[in-house]
Amino acid sequence: MEPIAILGGTFDPVHIGHLRVALEASEALAVPVCLMPAHVPPHRPAPVASAAQRVAMLRAALTGQDRLLLDTRELERSEPSYTVDTLRGMRAEFGAARPLVLLLGLDAFAGLPTWHEWRELFKLAHIAVMTRPGHSTVLPADLDAEVAPRRTQSVADLHAAPCGKALDLAVTPLEVSASAVRAVLAAGRDPRWLVPDALLADPDLLAAYRAAG
Ligand code: ATP
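Residues numbered from 1 in each chain as written. Predicted model: local features only at pLDDT ≥ 70, side-chain atom pairs only at ≥ 80, totals over all residues. Heavy atoms only, no water.

## Topic: the overall build of the protein chain
Per the secondary structure count, the protein chain includes 10 helices and six strands. Over its C-alpha atoms the protein chain spans a radius of gyration of 17 Å, differing by no more than 12% from the 17 Å that the globule rule assigns to 213 residues. Projected onto its principal axes, the C-alpha positions of the protein chain cover 50 × 40 × 35 Å. Counting only residues that meet the buried cut, the protein chain has 45% of its 213 residues in that class. Carbon and sulfur atoms make up 54% of the accessible area of the protein chain, which amounts to about 10500 Å² in all. (Helix = DSSP H or I, 4+ residues; strand = E, 2+ residues; numbered from the N terminus. Rg over C-alpha atoms; globule rule 2.2 N^0.38 Å. Buried < 20%, exposed > 50% of the residue type's maximum accessible area, 1.4 Å probe, protein only. Areas by Shrake-Rupley, 256 points an atom, 1.4 Å probe, with all protein chains shown as cover.)

## Considering the nonpolar core
Ranked by internal contacts, the top residues of the largest apolar core, which has 35 residues, are Leu-7, Leu-29, Val-33, Leu-35, Leu-103 and Leu-169. Contributing elements (two or more residues each) for this core: strand S1 (4–9), helix H1 (16–29), strand S2 (33–37), helix H2 (51–62), strand S4 (100–105), strand S5 (126–131), strand S6 (166–170) and helix H8 (178–186). Each residue touching Leu-29, except ones within four places of it in the same chain, is listed here: Val-101, Leu-103, Ala-128, Val-155, Leu-158, His-159, Leu-167 and Leu-169. Ranked by size, the runner-up nonpolar core spans 25 residues in total, among them Cys-34, Met-90, Val-129 and Ala-166. (Core = buried A, V, L, I, M, F, W, Y, C linked by side-chain atoms within 4.5 Å. Contact = heavy atoms within 4.5 Å.)

## Concerning helix H3 (residues 83–94)
For H3, built from 12 residues, the straight-helix expectation of 16 Å at 1.5 Å per residue is met to within 8% by its first-to-last C-alpha distance of 16 Å. Regarding H3, the residues found buried are Val-84, Thr-86, Leu-87, Met-90 and Arg-91. In an axial view of H3, the angular spread of the buried residues amounts to 155°, which keeps them on one side of the axis. Seen from the open side of H3, the exposed residues pointing more than 90 degrees away from its buried face are Ala-92 and Glu-93. Looking at the buried residues of H3, the elements they touch are S1, S2, S4 and helix H5 (121–124). A positive backbone phi angle near 95° is found at Gly-95, which sits one or two residues after H3. (Expected span 1.5 Å × (residues − 1). Arc of directions from axis to C-beta.)

## So, the site of the ligand
Around the ligand, the structure places 15 residues, and the nearest of them are His-15, Leu-174, Val-176, Ala-178 and Ser-179. A distance of 2.7 Å separates an oxygen atom of the ligand from a polar side-chain atom of His-15. Separating a nitrogen atom of the ligand from a backbone N or O atom of Leu-174 is a distance of 2.7 Å. Residue assignment for the shell around the ligand shows that the elements contributing at least two residues are S1, H1 and H8. Taken together, the residues of the shell around the ligand sort by class into five nonpolar, eight polar and two charged. (Near = heavy atom within 4 Å. Polar contact = N/O pair within 3.5 Å; in protein donor to acceptor, adjacent residues only side chain to side chain. Nonpolar A, V, L, I, M, F, W, Y, C, P; charged D, E, K, R; others polar.)

## What about the pattern of salt bridges?
Note that side chains of opposite charge can pair when their charged atoms are close. Taken as a whole and judged by the stated rule, the model has 12 salt bridges. Note that Glu-24 and Arg-20 form a salt bridge whose closest N and O atoms lie 2.9 Å from each other. On the criterion of helical spacing, the pair formed by Glu-24 and Arg-20 is a turn pair, its members being four residues apart in helix H1. A residue is classified by how much of its surface remains accessible, and Glu-24, at 13% relative accessible area, is buried. Its relative accessible area of 36% is what places Arg-20 among the partly exposed residues. Note that Asp-85 and Arg-88 form a salt bridge whose closest N and O atoms lie 3.1 Å from each other. Note that Asp-85 and Arg-88 are positioned in helix H3 at a spacing of three residues, about one turn of the helix. We classify Asp-85 as partly exposed; its relative accessible area is 27%. (Salt bridge = Lys/Arg side-chain N within 4 Å of Asp/Glu carboxyl O.)

## Description of the side chain of Thr-86
Summarising the element assignment, Thr-86 is placed in helix H3. In this structure Thr-86 touches Met-36, Arg-73, Glu-74 and Ser-81, once residues within four positions along its chain are discounted.

## Some remarks on the sheet that holds S1
On the basis of which strands lie adjacent, the open sheet formed by six strands has the order S3-S2-S1-S4-S5-S6 and parallel pairing. The sheet is open, and its two borders are formed by strand S3 (68–70) and S6, each paired with just one other strand. Averaged over all pairs of adjacent strands, the angle between strand axes in this sheet comes to 30°, irrespective of strand direction. Strand contacts of H3: S1, S2 and S4, with the helix running at about 155° to S4, the strand carrying the most contacts. (Pairing = 2+ DSSP bridges. Axes fitted to C-alpha atoms, helices over the stretch in contact; angles between N-to-C directions.)

Structural data, given as structure tokens:
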């Protein structure tokens, strides 16, 4: 059964770093990738764009291709979701056999032991850790112990079981961040080639960031 991969984030706004990494993961793992915009927890700064605006930008960015999908399930809930609960929802929807692959940057992965019910994540999904050439991080001992027996270098292993494996995935680093794109827009500068052209085609899509300047 074809796996489904998940890339979560704020996407405030979606930019070429997100899209490139999602496409590379999709190709390397031979899976469709769902971009999953998140609610932002109350203790973090609120996104500049509303949830509806972030979704509209993602829809525009993804038009015309079919490897990257949009999944708005977290925004459909009234408050921030734990990843473990999101994966439980996907498991219930897609069934016990469908492989799920959670895509995480190395920094986020190194912080996994602070996540709610983190060991359960491996009972629900595989984790593909997106690494940058020349970057490494020492993992905390409890994470290292959990992950060591799960490690594989074989993409086929992610297709052969519904969950439980950990795989390192080298991706091309692009030095683009949503905060940098917001700063460009707030300063009245041109965001061309930092965001997909579809976001420039509709003047309303990026208006919230220009107004913040
Ligand atoms: P901000 O600058 O507001 O913190 P961001 O650009 O890091 O935002 P998020 O929406 O928080 O974007 O990121 C979603 C996911 O995409 C995260 O897993 C993050 O590591 C990854 N990501 C963001 N930018 C890049 C990039 N340039 N290259 C690779 N991965 C990226």
